[in-house]
Amino acid sequence: NASGAVTTAADTAGTLSGSGSGNATWNSGDLFSPDVVLDGTNSAVATSGAAINPAQSFSVSAWVEPEALGGTVLSQDMTEAASFRVYANTSGAWYFCMATADTSTATYNCASGGSVQLGAWTHLTATYQASTGLMSLYAAGELLGTGGHTALTGTTGGGFQIGDYRSGSSHTGYFNGQVADVNTYPAQLSHSQVADIDTGAIGAVGPVTSGIRGMCV
């Protein structure tokens, strides 16, 4: 069983492994064994390059067990902002947001809903269809909310982040809790496909481009 600090989180479906930082540690014996524990202070797992292209359709998913509100589960770097964020806000709702510009003061288009359950495992999925701008956020296979976003061009960007997001020249918004079974897809998953993934009957369109399943996260 895995234990200790997270050094490398293997990509089981590609070649984009993640590296742990701060106090990110492996945990064994829970619903996912192992999973990654993040402390909400400085812990994260990041890849060296992009896992999705935010100017094209994509989907991201993860199993999460939050211990506090307000932390970012998934994001991907641009230069001064995150191209997208999946997070729990401090009021207790889940959010999927996409930046309107690559600046430190960027605003975000968001889809949101649901109620964050602290100490409970939840499967989150966020999808984006570039041609229509439709953003959708799901938890446990159920649609929580939708939003609209005009795709930014030239922002394929930097690393895929688990546990924080970029704001200006640094990362912030650290997640406090456990994360497992992180996946990215080069397409917008349908509601039925999201439900299939939630129950284990995966039916995604096309290949999984990055399954950062920390050893597996």
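A brief report on the enclosed structure follows. Just so it is clear, the model here is predicted, and its values are computed rather than measured.

Counting its regular elements, the protein chain contains 1 helix and 17 strands. The buried share among the 217 residues of the protein chain stands at 50%. A sequence separation of at least 24 residues applies to 64% of the contacts in the protein chain between residues at least 6 apart. Carbon and sulfur atoms form 47% of the exposed surface of the protein chain, whose accessible area is close to 8200 Å².

The final tally for this structure, using the stated rule, is 1 disulfide. With its sulfur 2.0 Å from that of its partner, Cys97 forms a disulfide with Cys110. Between Cys97 and Cys110 the sulfur-sulfur dihedral comes to about 110°; the bridge is accordingly right-handed. With Cys97 in strand β9 (residues 94–99) and Cys110 in strand β10 (residues 108–113), this pair connects stretches of sequence that are 13 residues apart. Given the relative accessible area of 30%, Cys110 is considered partly exposed.

Next up on the list: the nonpolar core. Core analysis: the largest hydrophobic core is formed by 35 residues, its most contacted members being Val60, Leu74, Phe84 and Phe96. With 4 residues, strand β6 (residues 58–66) is the single largest residue contributor to this core. Sequence-distant contacts of Phe84, defined by excluding residues within four places in its chain, comprise Ile52, Phe58, Val60, Leu74, Ser75, Gln76, Phe96, Cys97, Met98 and Phe160.

This part takes up the sheet that holds strand β3 (residues 25–27). The sheet built from 7 strands is open, its strands ordered β3-β4-β17-β6-β11-β12-β13 with antiparallel pairing. Here the strands that pair on one side only, and so sit at the sheet edges, are β3 and β13 (142–148). Taken over all neighbouring pairs, the strand axes of this sheet differ in orientation by 30° on average, direction set aside. Here strand β12 (residues 134–139) pairs with β13 via 6 bridges, running antiparallel. Paired with Leu137 across the bridge in β13 is Gly145.

Relative to the helices and strands, Asp77 is located in strand β7 (residues 72–77). Polar contacts involving the side chain of Asp77 include one to the side chain of Arg166, which spans 3.5 Å.

A few words now on the packing of aromatic side chains. Within the structure shown, the criterion is met by 8 aromatic pairs. Summarising the aromatic geometry, the rings of Phe58 and Phe96 are spaced 6.3 Å apart at their centres and angled 90° between planes, so their arrangement reads as edge-to-face. Note that Phe58 is positioned in strand β6 and Phe96 in strand β9, a separation of 38 residues in sequence. According to the relative accessible area criterion, Phe58 is buried, its value standing at 1%. For Phe96, a relative accessible area of 0% puts it in the buried group. Residues Phe58 and Tyr128 carry aromatic rings whose centres are separated by 5.9 Å and whose planes lie at 50° to one another, so their mutual orientation is tilted.

On to the sheet that holds strand β8 (residues 82–88). Strand order in the open sheet formed by 8 strands is β1-β2-β5-β14-β7-β8-β9-β10, and the pairing between neighbours is antiparallel. One side of each edge strand has no neighbouring strand; the edge strands of this open sheet are β1 (8–9) and β10. Both strand β2 (residues 18–21) and strand β5 (residues 44–47) contribute to a ladder of 4 bridges, which runs antiparallel. Bridge pairing in β5 links Ser19 to Ala46.

The rules we used
- Residues numbered from 1 in each chain as written.
- Predicted model: local features only at pLDDT ≥ 70, side-chain atom pairs only at ≥ 80, totals over all residues.
- Heavy atoms only, no water.
- Helix = DSSP H or I, 4+ residues; strand = E, 2+ residues; numbered from the N terminus.
- Buried < 20%, exposed > 50% of the residue type's maximum accessible area, 1.4 Å probe, protein only.
- Contact = heavy atoms within 4.5 Å.
- Areas by Shrake-Rupley, 256 points an atom, 1.4 Å probe, with all protein chains shown as cover.
- Disulfide = S-S within 2.5 Å.
- Core = buried A, V, L, I, M, F, W, Y, C linked by side-chain atoms within 4.5 Å.
- Pairing = 2+ DSSP bridges.
- Axes fitted to C-alpha atoms, helices over the stretch in contact; angles between N-to-C directions.
- Polar contact = N/O pair within 3.5 Å; in protein donor to acceptor, adjacent residues only side chain to side chain.
- Phe/Tyr/Trp six-rings, centres within 6.5 Å; stacked < 30°, edge-to-face > 60°.

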